[in-house]
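Analysis of the macromolecular model
Listed here are the chains, written in short residue letters.
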Amino acid sequence: MKKILISYFILLTSAITFAQTDTTWHHKKCAVVLTYDDALNVDLTNAIPALDSLGLKATFYISDYFGGLNSQILKWRSAVANGHELGNHTVYHPCEGGRAGREFVKPDYDLKYYTVRRITDEIKTMNVILKAIDGKTKRTFAYPCSDTKVHDTSYIDPLKNDFVAARAVRGEMPKIEQVDLYNIGCYMINGETGDQLISLVKQAMERHAMIVFLFHGVGGEHSLNVSLDAHSRLLHFLKQNEKNIWIAPMIDVAEYIKNYQSHNK
């Protein structure tokens with residue numbers, strides 16, 4: 001009888017633990033945030049129509065290093081009206097140059113030659129531009145090239161009142177209490193198949209964690225690219241599993257995490 005009671009207690013405890021973990025993310029098993037960088041034309045022609053066809057919402061990190069934002073404004077305004085988030089990705093996308101893979105960095109926008117004042121001014125200017133497009137004051141940020149410092153100084157610290165969260169580039173699936181809101185990791189996608197993308201989501205579900213995807217090209221326009229088929233397969237999997245997966249823009253997930261962490265210290 002004693003063994004039966006012990007076994008029953010273990011099963012009951014496990015069930016309670018599972019139930020608590022299983023409902024952490026808005027009463028779902030995991031959170032998925034879809035992010036798209038650089039305000040590419042394919043965001044508007046390929047990504048947003050695919051998302052809208054399934055009623056999924058995402059975050060688009062806007063920059064104007066290519067000089068095309070002006071012609072996109074009405075379309076971005078329409079995307080916001082349909083529930084997507086516009087995030088700040090600086091005006092000119094400065095990155096630290098002078099190393100392998102950074103040949104695209106122009107000297108004028110090499111972070112090595114910036115000051116903290118220059119980068120923070122540029123970021124604040126982009127916030128003004130974005131507010132003119134969408135009218136919003138709450139926003140999230142994405143570090144260009146995942147460079148978080150000017151020389152050896154973090155530049156996000158003086159901007160924490162301007163942003164709810166900031167996304168870097170570091171593959172991870174944190175649980176809600178582990179998330180660093182000003183250094184959120186993500187999986188940068190480049191050539192993965194639909195099955196590989198879906199596998200990542202399944203891992204997040206098993207771990208009851210958050211996963212952030214970073215897309216650049218969707219069907220072209222960027223050297224970091226995902227095929228239309230792979231992107232579509234991921235979106236359809238997410239839609240088919242909405243009862244177990246919370247899919248939302250970064251701003252919504254970040255505010256939820258902030259509230260959770262503040263009440264569970």
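Position numbers for residues start from 1 in each chain and track the written sequence from start to end. It should be noted that, the model being predicted, local features are given only for residues of pLDDT at least 70 and side-chain atom pairs only at 80 or more, the latter also being counted only at that level, while totals for whole chains, interfaces and linings use all residues. Side-chain descriptors were evaluated using all non-hydrogen atoms of the structure, hydrogens and water having been removed beforehand.

Right, let's talk about the overall build of the protein chain for a bit. Secondary structure summary: the protein chain contains seven helices and 12 strands in total. Between the two quantities, the radius of gyration covers C-alpha atoms and the globule rule is 2.2 Å times the number of residues to the power 0.38. Taking 265 residues into account, the globule formula puts the C-alpha radius of gyration at 18 Å, and the protein chain, at 20 Å, falls close to it. Structurally, the protein chain occupies a C-alpha span of about 75 × 40 × 40 Å along its principal axes. The buried label applies to any residue whose accessible area, calculated with a 1.4 Å probe on protein chains only, is under 20% of its type's maximum; exposed applies above 50%, and partly exposed to all values in between. When each of the 265 residues of the protein chain is scored for burial, the buried share is 48%. Only heavy atoms matter for contacts: two residues are in contact if any of them lie within 4.5 Å across the pair. Taking all contacts inside the protein chain whose residues are at least 6 apart in sequence as the whole, residues at least 24 apart take part in 73%. Values of accessible area rely on a 1.4 Å probe in the Shrake-Rupley scheme; residue burial ignores everything except the protein chains shown. Looking at the protein chain as shown, the accessible area adds up to about 13000 Å², and 53% of this sits on carbon and sulfur atoms. In this tally, Lys and Arg are treated as positive and Asp and Glu as negative; His is ignored, and so are the chain termini. The location of each charge is read from NZ of Lys, CZ of Arg, CG of Asp or CD of Glu. Taking the average place of the 30 positive charges on the side chains of the protein chain and the average place of its 29 negative ones, the gap between the two points comes to 7 Å. In this text, helices come from DSSP runs of H or I with a minimum length of four residues, and strands from runs of E with a minimum of two, each type numbered from the N-terminal end.

In terms of nonpolar packing, the biggest core is built from 45 residues, with Leu34, Trp76 and Phe213 touching the most fellow members. Broken down by element, the residue count for this core peaks at six residues, all from helix α5 (residues 194-207). The contact partners of Trp76, leaving out residues within four places of it in the chain, are Ala39, Asp43, Leu44, Ile48, Phe60, Ile62, Leu69, Leu86 and Ile133. The term nonpolar core refers to a set of buried residues drawn from Ala, Val, Leu, Ile, Met, Phe, Trp, Tyr and Cys, joined through side-chain atoms within 4.5 Å. Ranked by size, the runner-up nonpolar core spans 36 residues in total, among them Ala142, Ala166, Trp246 and Val253.

Time to look at the side chain of Asp134. Along the chain, Asp134 falls in helix α4 (residues 116-134). Among the polar contacts made by the side chain of Asp134, one reaches the main-chain amide nitrogen of Lys136 at a distance of 2.8 Å. As used in this structure description, the phrase polar contact means that two N or O atoms lie within 3.5 Å; if the pair is within protein, one of them must be able to donate a hydrogen and the other to accept it, and residues adjacent in sequence are counted only when both atoms belong to side chains. Only 2.8 Å separates the side chain of Asp134 from the side chain of Arg139, close enough to count as a polar contact. In this structure Asp134 touches Val80, Leu86 and Arg139, once residues within four positions along its chain are discounted.

When a carboxyl oxygen of Asp or Glu lies within 4 Å of a side-chain nitrogen of Lys or Arg, that pair is called a salt bridge. Enumeration over the complete set of coordinates arrives at 12 salt bridges. For Asp110, the salt bridge identified is with Lys112, shortest N-O distance 3.0 Å. Among the salt bridges present, the one from Glu172 reaches Arg170, with a minimum N-O distance of 3.1 Å. Owing to a relative accessible area of 25%, Glu172 belongs among the partly exposed residues under this scheme. The class of Arg170 is partly exposed, set by a relative accessible area of 32%. Ionic contacts of the salt-bridge type, sharing partners, join the residues Glu96, Arg99, Arg102 and Asp147 into one network.

Before going further, it helps to examine helix α2 (residues 41-54). Under the 1.5 Å per step criterion, the end-to-end length of α2 is 20 Å for 14 residues, consistent within 8% with the ideal 20 Å. Two axes define the bend at a residue: one fitted to the seven residues ending there, one fitted to the seven starting there, and the bend is the angle between them. The sharpest bend along α2 measures roughly 35 degrees and falls at Ala47, with the proline Pro49 sitting one to four residues further on. Where α2 is buried, its residues meet β1 (30-37), β2 (59-62), α3 (69-81), β10 (217-218) and α6 (228-240). Multiplying 1.5 Å by the residue count of a helix minus one yields the expected span of that helix.

As a further point, take the side chain of Thr120. Note on placement: Thr120 falls in helix α4. There is a polar contact of 3.1 Å between the side chain of Thr120 and the backbone oxygen of Arg117. The residues touching Thr120, leaving out its near neighbours within four places in the chain, are Tyr155, Pro158 and Leu159.

This part is about the state of the cysteines. Such a bond, covalent and formed between the sulfur atoms of two cysteines, is termed a disulfide. Whenever a pair of cysteine sulfur atoms sits within 2.5 Å, that pair is classed as a disulfide. Under the criterion given, the structure shown has one disulfide. With no disulfide of its own, Cys30 lies 16 Å from the sulfur of Cys186, the closest cysteine sulfur. With no disulfide of its own, Cys186 has Cys145 as its nearest cysteine by sulfur position, at a separation of 12 Å.

With that out of the way, let us pick up unusual backbone geometry. Notably, Asp38 is not glycine yet its phi reads approximately 90 degrees, a positive angle. Counting through the fold element by element, Asp38 comes out in the loop between β1 and α2. The buried category is assigned to Asp38, whose relative accessible area is 2%.

A separate point is α6. Counted at 1.5 Å a residue, the expected span for α6 with its 13 residues is 18 Å, and the 18 Å between its end C-alpha atoms agrees. When we look at burial in α6, the residues that qualify are Ala230, His231, Leu234, Leu235, Phe237 and Leu238. Looking straight down α6, one finds that the buried residues subtend no more than 160 degrees of arc, so they occupy a single side. Facing away from the buried surface of α6 by more than 90 degrees, the exposed residues are Asp229 and Gln240. In this description, the arc belongs to the directions extending from the helix axis to the C-beta atoms.

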